[in-house]
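# Close look at the chain arrangement
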Amino acid sequence: MAGSARSRSPEPRLPRADELGVLPAIERRAGELLKGHEAYPVFAGHGLDLPTLQDGLQRGQLWVVDAADGGIAGYLLAGELSGDFHVLQMDVDPAHARRGHGRALLRHALAQARAHGHAAAVLTTLSDVPWNAAFYASEGFEVVPEAQWSAGLRTVMAEEAALGFPMHLRVAMRQVW
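Residues numbered from 1 in each chain as written. Predicted model: local features only at pLDDT ≥ 70, side-chain atom pairs only at ≥ 80, totals over all residues. Heavy atoms only, no water.

## Quick word on the pattern of salt bridges
Here the structure, examined in full by the defined rule, presents 11 salt bridges. With a shortest N-O distance of 3.3 Å, Arg16 and Glu19 are connected by a salt bridge. For Glu19, a relative accessible area of 10% gives the class buried. The salt bridge involving Asp93 is made with Arg29; its shortest N-O contact spans 2.7 Å. Placement of Asp93 in the loop between β3 (84–92) and α4 (101–115) and of Arg29 in helix α1 (residues 23–31) is noted, with a sequence separation of 64 residues between them. Using a relative accessible area of 7% as the deciding quantity, one classes Asp93 as buried. With relative accessibility at 39%, the residue Arg29 sits in the partly exposed group. (Salt bridge = Lys/Arg side-chain N within 4 Å of Asp/Glu carboxyl O. Buried < 20%, exposed > 50% of the residue type's maximum accessible area, 1.4 Å probe, protein only. Helix = DSSP H or I, 4+ residues; strand = E, 2+ residues; numbered from the N terminus.)

Laid out in structure tokens, this is it:
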């Protein structure tokens, strides 16, 4: 037998309201992977709160993927930005990383975006972290030059700069379908 078969990630689903409380802990554990990176203090100091997650659930733009052990392996929170589908936050618990959960979440969210009439998806991410920009590029996202940023992307980038993100490492990305 050549190599090992990779198990398929479960289908993402909407979380139950009583599951929202575990998502900030997943975000914190995923953020710990950035210890030593110049963006780490921003991630460590600014996490998602329960009202934001509840709002995402009410909009139907928050999905989770289950781990084999029955817990939640990761989540994706989305919204809308200047008419585009906006991937606001996606985290996979490091204990469940590299099993396809992030791809499953992203592909599911983008399928939902297309089904709801969005023509494109946007996000902001770090350019130098392999599981950030390079991952999204492998899923068809392209870096958007600053001159082509929508008003919404300009606002998001200004908010991120105000939080203290190292903006020389921050990129906006877009996928059009």
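## Here's the deal with the confidence of the model for the protein
Per-residue confidence for the protein gives a mean pLDDT of 93, with 95% of residues at or over 70. Every residue in residues 1–6 is under pLDDT 50, and counting partners more than four places away or in other chains gives three contacts. (pLDDT = per-residue confidence, 0-100. Contact = heavy atoms within 4.5 Å.)

## What about the environment of Gly140?
Residue position: Gly140 is located in the loop between α5 (130–138) and β5 (142–143). Judged by relative accessible area, which is 39%, Gly140 ranks as partly exposed. As for Gly140 and Val156, which are separated by 16 residues in sequence, their C-alpha atoms are 21 Å apart. Excluding its chain neighbours within four sequence positions, the residues that come into contact with Gly140 are Arg174 and Gln175.

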